[in-house]
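Structural overview
What follows is each chain in one-letter form.
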Amino acid sequence: MASRRALLKTGGLFAGAMMIPSAVAASMRRAPESLLPAGLYEGHSAGGFTADSFPADSANSLGTVRPALMRRAMAALQQHGNSIARHDRIAIADFAAASGQPRFHLINLEDGHTNSKLVAHGSGSDPSHTGFVQRFSNANGSNASCEGAFLTSDYYVGKHGKSQRLIGLDHTNNNALDRAIVVHAAWYANREMVAERGMLGRSQGCFAVGENELAEVFERLGPGRMIYAAKV
């Protein structure tokens, strides 16, 4: 873990991303928007969606996303809007669902289209490996998933291949960068794991997706967007 954390902080090997000076890396949590090249990403409207667009008794226009969770995510997007450069697409990790269910929802806010993927949670969140998140933690060494809004940052190549750094925007996840909580691919998050064991394996707190799904996840997310993780 120490070497992986060191690789994250020093830059490692980057694939199609900008290098981050040490001075900027030190201030990431204070000013996450500084990670994004000025003028490169323009903010987009959310296509008329707001936190109040999804009453609990309404039809779920976004497919498998629960309306209550969608409202929470939209409220987070509004709260952290100044730190999130792009508002056209978001991802929601529904950690109330089992790991064997597609619970990582990639949502286009401009047309409502949703694409849902499998995603693993941390071993510290599920010590008995039940397939369900039992708890969250923001603590170093916990190996647990954490909840809240994350800003997607740049890409690097590390222990798990091409990965994407995340910056926690809430007090519940503001150690994400120090903890090396990232998006990456893993064999234990492949669909075959569900067929064989009924659930995915566990990460060290990262959003681990299937090896054949990573390219699409990166394409739909990109830098400067929000991932919202919760269990509500």
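Note that the coordinates shown come from a computational prediction; the quantities given were computed from them, not determined experimentally. (Residues numbered from 1 in each chain as written. Predicted model: local features only at pLDDT ≥ 70, side-chain atom pairs only at ≥ 80, totals over all residues. Heavy atoms only, no water.)

**Digging into the confidence of the model for the protein**
Close inspection of predicted coordinates is inappropriate for parts of the model with low pLDDT. Here is the rule we go by: Residue-level confidence of the predictor is summarised by pLDDT, bounded by 0 at the bottom and 100 at the top. Contacts are assigned to residue pairs with any non-hydrogen atoms lying within 4.5 Å of each other.
Mean pLDDT over the protein: 81, with 73% of residues reaching 70 or higher. In this model residues 1-51 is a low-confidence stretch, pLDDT under 50, and it forms 100 contacts with partners more than four residues away in sequence or in other chains. Within the model, pLDDT remains below 50 along residues 54-63, and this stretch shows 18 contacts once partners closer than five positions in the same chain are excluded.

**Some words on the sheet that holds strand β8 (residues 226-230)**
Here is the rule we go by: Only strands joined by at least two bridges in the DSSP assignment are considered to pair. Numbering of helices and strands starts at the N terminus; helices are DSSP runs of H or I of at least 4 residues and strands are runs of E of at least 2. Lines fitted to the C-alpha atoms define the axes, with helices restricted to the stretch that makes contact. Angles between their N-to-C directions range from 0 to 180 degrees.
Strand order in the open sheet formed by eight strands is β3-β2-β1-β8-β4-β5-β6-β7, with mixed pairing between adjacent strands. The open sheet has two edge strands, β3 (114-117) and β7 (207-209), and neither has a second partner. Across the sheet, the mean angle separating the axes of adjacent strands is 25° when strand polarity is ignored. With five bridges connecting them, strand β1 (residues 89-94) and β8 associate as parallel partners. Within β8, the residue paired with D94 across the bridge is A230.

**A short note on the environment of L106**
You can see L106 is positioned in strand β2 (residues 104-108). Once residues within four sequence positions are removed from consideration, L106 is found in contact with I90, A91, H113, T114, N115, K117, V217, R220 and L221.

**Remarks on the nonpolar core**
For clarity, the cut-off: In this description, a nonpolar core means a group of buried Ala, Val, Leu, Ile, Met, Phe, Trp, Tyr and Cys residues linked to one another through side-chain atoms lying within 4.5 Å. Only protein chains enter the calculation, and the probe is 1.4 Å; a residue is then buried if its accessible area is under 20% of its type maximum, exposed if over 50%, and partly exposed in between.
Core analysis: the largest hydrophobic core is formed by 23 residues, its most contacted members being F104, F150, V183, F207 and I227. Residue assignment for this core shows that the elements contributing at least two residues are β1, β2, β4 (148-158), β6 (182-185), β7, α5 (214-221) and β8. Among the elements that take part in this core, α5 stands out by supplying four residues, more than any other. With residues up to four places along the chain from it excluded, the contact list for F150 reads L166, I167, G168, L169, N173, A176, I181, F207, R225, M226, I227 and A229. Formed by 19 residues, the second largest nonpolar core is a distinct cluster that contains L77, A149, M226 and A230.

**Side note on helix α3 (residues 67-79)**
Residues spaced three or four apart along an α-helix point in a common direction, a consequence of the helix completing one turn every 3.6 residues. Using the following cut-off: How far a helix is expected to stretch is found by multiplying one less than its residue total by 1.5 Å.
Its 13 residues give α3 an end-to-end C-alpha distance of 18 Å, which sits within 8% of 18 Å, the value for a rise of 1.5 Å per residue. Within the sequence span of α3, burial applies to P67, L69, M70, A73, M74, A76 and L77. Next to the buried residues of α3 lie β1, β2, β4 and β8.

**A short note on the pattern of salt bridges**
Applicable threshold: By definition, a salt bridge exists where a carboxyl oxygen of Asp or Glu is found within 4 Å of a side-chain nitrogen of Lys or Arg.
Taken as a whole, this structure holds eight salt bridges when the rule is applied. R66 is the partner of D94 in a salt bridge, and the nearest nitrogen-oxygen pair spans 2.8 Å. With D94 in strand β1 and R66 in the loop between α2 (22-26) and α3, this pair connects stretches of sequence that are 28 residues apart. Here D88 ties to R225 by a salt bridge, and the two come within 2.8 Å at their closest N and O atoms. Pair noted here: D88 is in the loop between α3 and β1 and R225 is in the loop between α5 and β8, with a separation of 137 residues, a long-range link. The two residues D88 and R225 agree in class, both being buried.

**What to know about α5**
For the record, the criterion: This arc is taken over the directions from the axis of the helix to the C-beta atoms.
Turning to α5, its buried residues number three or more, namely L214, V217, F218 and L221. The buried residues of α5 occupy an angular sector of 95° when the element is viewed end-on, so they sit on one face. α5 presents A215 and E219 as exposed residues on the side facing more than 90 degrees away from its buried surface. Backbone geometry just after α5 places G222 at a positive phi near 70°.

**A closer look at the pairing of β1**
By the criterion of burial, β1 is predominantly enclosed, with five of the six residues buried. Bridge count between β1 and β2: five bridges; the pairing is antiparallel. Bridging across to β2, I90 finds its partner in I107.

**What about unusual backbone geometry?**
With a phi angle near 55°, H129 is a residue other than glycine that sits in the positive phi range. When you line up the elements, H129 lands in the loop between β3 and β4. Looking at H129, the relative accessible area reads 27%, which means it is partly exposed. Even without a glycine there, the phi angle at A180 is positive, about 60°. Of note, A180 is situated in the loop between β5 (161-168) and β6. In this structure A180 comes out as buried when scored by relative accessible area, which is 1%.

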